[in-house]
Amino acid sequence: MFSKILIANRGEIAVRIIKTCRRMGIATVQVYSEADAGSLAVEMADEAVLIGPAPANQSYLLADRIVEAVRRTGAEAVHPGFGFLSENAGFARRLRDEGIAFIGPNPEAIEAMGDKISSKKLAAEAGVSTVPGHMGLIETTEEAVRIANQIGYPIMIKASAGGGGKGIRVAHSDADMAEGFAAVKAEALNAFGDDRVFLEKFIIDPRHIEIQVMGDKHGNVVHLFERECSIQRRNQKVIEEAPSPLLDPETRAAMGAQAVALAKAVNYDSAGTVEFVAGQDKSFFFLEMNTRLQVEHPVTELITGVDLVEQMIRSAWGEKLAFAQEDLAINGWAIESRIYAEDPYRGFLPSIGRLVRYEQPEEGDQGGYTVRNDSGVREGDEISMFYDPMIAKLCAWGPTRDAAVDGMARALEDTHVAGVGCNIPFLAAVMDQPRFRSGHISTSYIKDEFPEGFHGLRPDRRQTDILIAAAAAMNEIAAEASGDPSGRVDWIVLVSAEGPAPHSGPGEAHGVSLAYDDDEALTLDLAGEERALRLSDIDWRPGLAQFRAVLDGVPFTAEVARVADGWRIRTRAARARVRVLSPAVAALYARLPDKVAADTSKLVVSPMPGLVVAIPVAVGQEVKTGETVAVIEAMKMQNILKAERDGVVKTVSASAGDPVAADDVLVEFE
């Protein structure tokens, strides 16, 4: 077995690989850019080698630097993780020529399947069902529009060398095609160094289902069942699960057989994923093959008990697979939520900065569900604009799908991030939605369920009870800690929800009477409702950002913060400003006028920190609603900002190449 492996990646996947190598007794070398000098992966590895500045094209994408680090440290093999050089056939071939093992498929398989155009042709030749489209190279926008009309809208525009949801647009018209084709070519060139683009028919109401395969160098290939990856935003997966709630045993077997046949056709000898688009009627069509480890591989590991990183290492060493297809079985259900540094309340825009706080859920058996958290950052680390904004891949396993969903919801409650925006409230919203719980999902789920964007959810009855009970308890605890308890037992709790339809005025009033019992539990009698709440096992003190307790026998965790006259509390996807007041003060609050929001309708501001790609308008120009006024690049994605009203440009405050911060004014209208 290898004695030392170099990891040509960063972040959580580097940490993930190090953990398996440690268990196998293999030493690790971590390469890093200047931005990652203090990273968790660098801290955990046995050795670390600096390979260049922060931009990936000056560090992680430079094969020469990787090979030099291998030579300097005496590593025998390279694990590329995912992204960067993981699907670069030239890099795999270079390592082979240098006598260095590549922990991934052979370069011929990468070449055959890594390119989306050639892989579809090979799949068709192998008898795998494929989506209608145009597999040839398309040079001009005019040609793209002509071909799109032949296929019929809607059309998906995809970068041939793409991955990770980048270099993809859906066009519904000639105008969409003209704009999207140019944008995809630019993104593809920037992210992958290859601007080739192809078109394929976009399947209505589709599901994204993929089959995990594993091969060795002796011709053996098995599949490890499927993953459902339909919850996507901008074609990037957000929530994945295994198995899929759509498939029956017959469809699962058919998809698995096609995936294995395709892998065998190209002598595939490592971990890989065959992706399919599936109709709600269980029909399925080949999309592409990812010739690497997938981000979402943990859910497969949780339901099969197979360590895919270990199997990749053993295959690269030359070992035969230790199991056959009949040895594999599905055990339970697993769900993965990708926790990103992005602000769901502002259109999921990337959020960079320092992780001021990062509290992670306890891993392992939690009684009824199991938690796994693959993370590459710690409290105090920086989320850089140069790389993917992923903080962690939070996973929950349960014996049934319902148990896994419930476990994920609780694990999300136990995760707290401060300093950067994060998508935990959105992920929690999905776990609570009846449609997701039913399993009737599609790749349009987010667009369907949140057509106006995500603004949180209105609190349901239990969540309202949590808001009331937590605020009342914190009010008592804070008063005791300050040495100034009021002695009052009757309060008015004002709950002003901040969801999609925020409560006007000071909030909804709830009268409560407080009493402690012999077990230090707090009983709250709700005036006029003829019911009481019992809050026990309270775990909170002033300054803590999470309030933990058991309400009426059910544990919960809420995110809390002290504000000027009360508390801001979030329980799952429900946020509210909560005030605990005496009846006299509450009556005064009811008389306060509503605050009028400032008028920003004439301003176009940068929604995130990033780099200006273009400002295609000039002072004095007339602009119509929907016209592009700016293009901002952040975290390898181009974001097109469009005018929300007709107007004449008064000022332009930025130009191509300028760095901008969130909320910087780019264009002002008269």
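Right above here is the structure, for reference.
Since this is a predicted model, take the numbers as computed values, not measurements.

A.B. asks: Looking at this structure, how should I read helix α8 (residues 174-192)?
C.D. replies: Working note: α-helix, 3.6 residues per turn, so residues spaced by three or four point in the same direction. Over its 19 residues, α8 extends 26 Å from the first C-alpha to the last, a length consistent with the 27 Å expected when each residue adds 1.5 Å. Along α8, the residues classified as buried are M177, G180, F181, A183, V184, K185, E187 and A188. Residue G193 follows α8 closely and has a positive phi angle near 70°.

A.B. asks: Would you take a moment to explain helix α11 (residues 308-317) for this structure?
C.D. replies: Counting buried residues along α11, eight of its 10 residues qualify, which places the element largely inside the surrounding structure. Within α11, the full set of buried residues consists of L308, V309, E310, Q311, M312, I313, S315 and A316. Looking at where α11 begins, the residue whose side-chain oxygen comes 3.0 Å from the main-chain nitrogen of V309 is D307. Of the residues one or two after α11, G318 is the one with positive phi, at around 110°.

A.B. asks: Would you mind showing me how to read the environment of E187 here?
C.D. replies: Tracing the backbone shows E187 in helix α8. E187 sits 19 residues away from I168 along the chain, and the two C-alpha atoms are 8.8 Å apart. A polar atom in the side chain of E187 sits 3.2 Å from the backbone nitrogen of G167.

A.B. asks: Any chance you could explain the sheet that holds strand β20 (residues 364-365) here in plain terms?
C.D. replies: Hydrogen bonds between backbone groups are what pair the strands of a sheet, and the pairing can be parallel or antiparallel. The strand order β14-β13-β10-β11-β12-β15-β23-β21-β20 describes an open sheet built from nine strands, whose pairing is antiparallel. The strands lining the two open edges of the sheet, one partner per strand, are β14 (284-290) and β20. Pairing analysis gives four bridges linking strand β12 (residues 236-242) to strand β15 (residues 333-340), with the strands arranged antiparallel. If you follow E241 over to β15, its bridge partner there is I335. Against the sheet, helix α1 (residues 11-24) contacts β21 (370-375) and β23 (390-398), and its axis sits at roughly 115° relative to β21. The strands touched by helix α9 (residues 249-265) within the sheet are β10 (207-215), β11 (221-233), β13 (271-278) and β14, with β11 carrying the most contacts at an inclination of about 110°.

Definitions and cut-offs
- Residues numbered from 1 in each chain as written.
- Predicted model: local features only at pLDDT ≥ 70, side-chain atom pairs only at ≥ 80, totals over all residues.
- Heavy atoms only, no water.
- Helix = DSSP H or I, 4+ residues; strand = E, 2+ residues; numbered from the N terminus.
- Expected span 1.5 Å × (residues − 1).
- Buried < 20%, exposed > 50% of the residue type's maximum accessible area, 1.4 Å probe, protein only.
- Polar contact = N/O pair within 3.5 Å; in protein donor to acceptor, adjacent residues only side chain to side chain.
- Pairing = 2+ DSSP bridges.
- Contact = heavy atoms within 4.5 Å.
- Axes fitted to C-alpha atoms, helices over the stretch in contact; angles between N-to-C directions.

Without other data, these values stay purely geometric and don't point to any function.
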